[in-house]
Amino acid sequence: MMTSSLLHAIADQYGTPVYVLDEVELVRAVAEFRQAFSDFPSSVHLAYPYKANSLESLCRHLHALGMWAEVSSGMELDLAVRFGVEPQHIIYNGIFKQDGELRRALQLACKVNVDNLEELERISEIASSLELDTVRIGIRVSPASGTNWDKFGFALEDEARAILTRIAQFENLRLVGIHAHRSNIVDLEEYRKHISAILDFASTATHEKLCDLEYIDIGSGFAVDHPAPINVDTWNAPSVSDYSQIVAELWRRESFLETVDLILEPGRRIVAPSVILLTCVVSIKRRMHENIAIVDAGQNLMPGIDWYRYPIVQVDDVDCVDPAKEYSVHGCLCDSMDILGRNIPLIDLDVGDILAIECVGGYDMSRSFTWQLPRAPVVWVNGQLSVSLVRPLLADKS
């Protein structure tokens, strides 16, 4: 466990703002999935989505723990290959895959999940140009959700069945996988309907001999407690076991699934809790109706503040017996929208106090950008509480 003294030592040595990655928390998160799916009736594979956080040290560590790679672009495909992931353990998703990227993925024999008809046709043409007799592919399907997720893949309600027939017309394509993905499904009944729709489609495709399934990739959907959506008052993420029990129950209903592998793509649930952002209070402003704490970080280091609420806590061991006061925590950027948290209960802040913004490991580090401030450095704390710098301060060199 990272103590306040350790975090102060990190802030003193590396300055603030600084991301701190906790290896123990990362290992715990992976173990939670392993345990939850340990009694699953088929083989289960965890694939880490690079888009959640593509820090090299993090990806390499997760691969050392046995996780595969899920990539959404040629750039991420290159990273996975460079990080030493076996090609058959690379899952290539994404809406737009350029011809050169597809060519490389097919030559490597990665698992390619097709998003649209145009891509399907291009894959057949590229396979012919490479003189590949048969290319094994998956398709992405999209159960209706009324959300932005509906833009991905083939709609189950009207497109997916037709695409099965279309694939059968390509002599050099063989359908072996079905993929679907959503994020942050906190309602377990909604999750059950989502998984049911995927497995019902797989059942139909199998029984009508329109595919020869080797895997079903159900993506993620695993909600996290933090960060929580800003527009939801009550948010309690189910346990990983809650999700796994639903999948296992539905899986066991279909005998054909006994020989089909299950692939999971947990991203935010794995990496979000493993990273905190340390930042220093640089100014206190007391207004008539509000206490404002200004820190040396900014929204460029945690772009998710437009959609999520993050826990913000004091690093210092506070001995004060006075009740907490509510603060608005503002970043130091010259932007009125640079607000990192509102109504945060904190004990009498002073300039120089260190705050920890928790659960910023999922997407925030990857999406951080240089604007008025450079991108913050990243330090790694291992299981023996040894600290090392794994990414230096990144400033725009243009």
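Residues numbered from 1 in each chain as written. Predicted model: local features only at pLDDT ≥ 70, side-chain atom pairs only at ≥ 80, totals over all residues. Heavy atoms only, no water.

**What to know about the overall build of the chain**
Selection criterion: Strands here are runs of E lasting at least two residues and helices are runs of H or I lasting at least four, both read from the DSSP assignment and numbered beginning at the N terminus. Only the C-alpha atoms count toward the radius of gyration. The rule for a globule is 2.2 Å times the residue count to the power 0.38. Note on exposure labels: buried denotes an accessible area under 20% of the residue type's maximum, exposed denotes more than 50%, and partly exposed covers the range between, all computed with a 1.4 Å probe on protein chains only. For this analysis, residues touch if any pair of their heavy atoms sits within 4.5 Å. For the accessible areas, the method is Shrake-Rupley and the probe is 1.4 Å, while residue cover comes only from the protein chains on display.
A tally of regular secondary structure across the chain gives 11 helices and 20 strands. By the compact-globule yardstick of 21 Å for 398 residues, the chain fits well, its C-alpha radius of gyration being 23 Å. Expressed as lengths along the three principal axes of its C-alpha atoms, the size of the chain is roughly 70 × 45 × 40 Å. Across the 398 residues of the chain, 55% fall into the buried class. Within the chain, residue pairs in contact and separated by at least 24 positions form 69% of the contacts whose partners lie at least 6 positions apart. Of the accessible surface of the chain, which amounts to about 17800 Å², a share of 49% is contributed by carbon and sulfur atoms.

**Things to note about the packing of helix α2 (residues 23-36) against helix α9 (residues 240-252)**
The line we're drawing: Angles here are taken between N-to-C directions and fall from 0 to 180 degrees, while the axes themselves are lines fitted to C-alpha atoms, restricted in helices to the stretch in contact. Comment on the angle field: the value is read as roughly parallel under 35 degrees, roughly antiparallel over 145, roughly perpendicular from 65 to 115, and oblique elsewhere. Less than a right angle of anticlockwise turn of the near helix away from the far helix marks a crossing as left-handed, whereas a clockwise turn marks it as right-handed. Just so you know the grouping, Ala, Val, Leu, Ile, Met, Phe, Trp, Tyr, Cys and Pro go in nonpolar, Asp, Glu, Lys and Arg go in charged, and all remaining residues, Gly too, go in polar.
Viewed as axis vectors pointing N to C, α2 and α9 meet at an angle of 30°, and their least axial separation amounts to 9 Å. With respect to their mutual orientation, α2 and α9 come out roughly parallel. You can see that α2 and α9 cross each other, and the crossing is right-handed. Only Val-240, Ser-241 and Ser-244 of α9 make contact with α2, whose side of the interface consists of Glu-32, Phe-33 and Ala-36. Of the residues assigned to the contact of α2 with α9, the class counts are 3 nonpolar, 2 polar and 1 charged.

**Considering empty space enclosed by the protein**
Formally: Lining residues are those with an atom within 4 Å of a point, where the points come from a 1 Å grid over the protein atoms alone and group into cavities, where a 1.4 Å probe fits but cannot get out, or pockets, open sets with protein on both sides within 12 Å along at least five of seven lines. Grid points are joined across faces, edges and corners, and a volume is the space filled by probe spheres set on the points.
The tally for this structure, following the rule as stated, stands at 3 cavities of 30 Å³ or more. Taken as a whole, the largest cavity spans an internal volume of roughly 80 Å³. Pro-49, Lys-51, His-181, Ser-183, Ser-220, Phe-222, Glu-265, Gly-267, Arg-268, Arg-269 and Tyr-363 are the residues that line the largest cavity. Roughly 50 Å³ of internal volume is contained in the second largest cavity. Lining the second largest cavity, in full, are Arg-140, Val-141, Ser-142, Pro-143, Trp-149, Asp-150, Phe-152, Ala-180, His-181, Arg-182 and His-194. Among the elements that make up the lining of the second largest cavity, the one with the highest residue count is strand β6 (residues 135-142) (3 residues). Residue composition of the lining of the second largest cavity, by class: 5 nonpolar, 3 polar and 3 charged.

**What about the pattern of salt bridges?**
What counts here: A pairing counts as a salt bridge when a side-chain nitrogen of Lys or Arg comes within 4 Å of a carboxyl oxygen of Asp or Glu.
Going through the model one piece at a time under the given rule, you end up with 19 salt bridges. The shortest N-O distance in the salt bridge between Asp-99 and Arg-122 comes to 2.5 Å. Of the two residues, Asp-99 is situated in helix α5 (residues 99-108) and Arg-122 in helix α6 (residues 117-129); the sequence distance between them amounts to 23 residues. Using a relative accessible area of 42% as the deciding quantity, one classes Asp-99 as partly exposed. Across the salt bridge formed by Arg-161 and Glu-208, the nearest N and O atoms sit 2.6 Å from each other. In this pair, Arg-161 is assigned in helix α7 (residues 160-168) and Glu-208 in the loop between α8 (188-207) and β9 (215-217), connecting sequence segments 47 residues apart. Taking the relative accessible area as the measure of exposure, Arg-161 reaches 43% and is therefore partly exposed. With a relative accessible area of 38%, Glu-208 lands in the partly exposed category. Sharing partners across several salt bridges, the network here consists of Glu-25, Arg-28, Glu-32 and Arg-269.

**Regarding the nonpolar core**
This is how the line gets drawn: The definition of a nonpolar core used throughout is a set of buried Ala, Val, Leu, Ile, Met, Phe, Trp, Tyr and Cys residues joined through side-chain atoms within 4.5 Å.
Tyr-50, Ile-139 and Ile-216 are the most contacted members of the largest nonpolar core, which totals 110 residues. The contacts of Ile-139, once residues within four sequence positions are left out, are Asn-113, Val-114, Phe-154, Ile-163, Leu-164, Ile-167, Leu-175, Gly-177, Ile-178, His-179 and Phe-201. Val-20, Ile-276, Cys-280 and Ile-354 belong to the second-largest nonpolar core, a separate cluster that totals 15 residues.

**Some thoughts on α2**
Put simply, the rule reads: Each residue after the first adds 1.5 Å to the expected span of a helix. Any pair of nitrogen or oxygen atoms within 3.5 Å is treated as a polar contact; in protein, a donor-acceptor pairing is required on top of that, and neighbouring residues in sequence qualify only through side-chain atoms on both sides.
With 14 residues, α2 extends 20 Å between its outermost C-alpha atoms, agreeing within 8% with the 20 Å of an ideal straight helix rising 1.5 Å per residue. For α2, the complete set of buried residues consists of Glu-23, Glu-25, Leu-26, Ala-29, Val-30, Phe-33 and Ala-36. By the N-cap criterion, in which a side-chain oxygen at the helix start approaches the backbone nitrogen of a residue two or three places on, α2 is capped by Asp-22, the distance to Val-24 being 3.0 Å.

**Some details on α8**
Across its 20 residues, α8 extends 28 Å between first and last C-alpha, which sits within 8% of the 28 Å expected from 1.5 Å per residue. Within the sequence span of α8, burial applies to Tyr-191, His-194, Ile-195, Ser-196, Ile-198, Leu-199, Phe-201, Ala-202, Ser-203, Ala-205 and Thr-206. Two residues or fewer past α8, Lys-209 is found with a positive phi of approximately 55°.

**Comments concerning the layout of surface pockets**
Considered as a void within the structure, the largest pocket measures approximately 930 Å³ in volume. Residue lining of the largest pocket: 34 residues in total, with Trp-149, Ser-183, Arg-268, Tyr-308 and Arg-367 positioned closest to the centre. Looking at the lining of the largest pocket, its residues break down into 12 nonpolar, 12 polar and 10 charged.

**Quick look at the packing of aromatic side chains**
Definition in use: In this scheme Phe, Tyr and Trp rings, the latter by its six-membered ring, pair at centre separations within 6.5 Å, and the angle between planes marks the pair as stacked below 30 degrees, edge-to-face above 60, and tilted otherwise. The rule for a charge over a ring is simple: NZ of Lys or CZ of Arg within 6 Å of the ring centre, and within 35 degrees of the ring normal.
For the structure shown, the criterion picks out 8 aromatic pairs. Their ring planes at 75° and their centres at 5.0 Å tell us that Phe-33 and Phe-222 sit as a pair that is edge-to-face. Remark: Phe-222 occurs in the loop between β9 and β10 (228-229) and Phe-33 occurs in helix α2; sequence separation between them is 189 residues. When sorted by exposure, Phe-33 lands in the same class as Phe-222, which is buried. Taken together, the ring pairs in this structure connect Phe-33, Tyr-191, Phe-222 and Tyr-243 into an aromatic cluster. The ring of Tyr-92 is capped by Lys-97, whose NZ or CZ atom sits 5.6 Å from the centre of that ring.

Nothing here speaks to function; it is geometry throughout.
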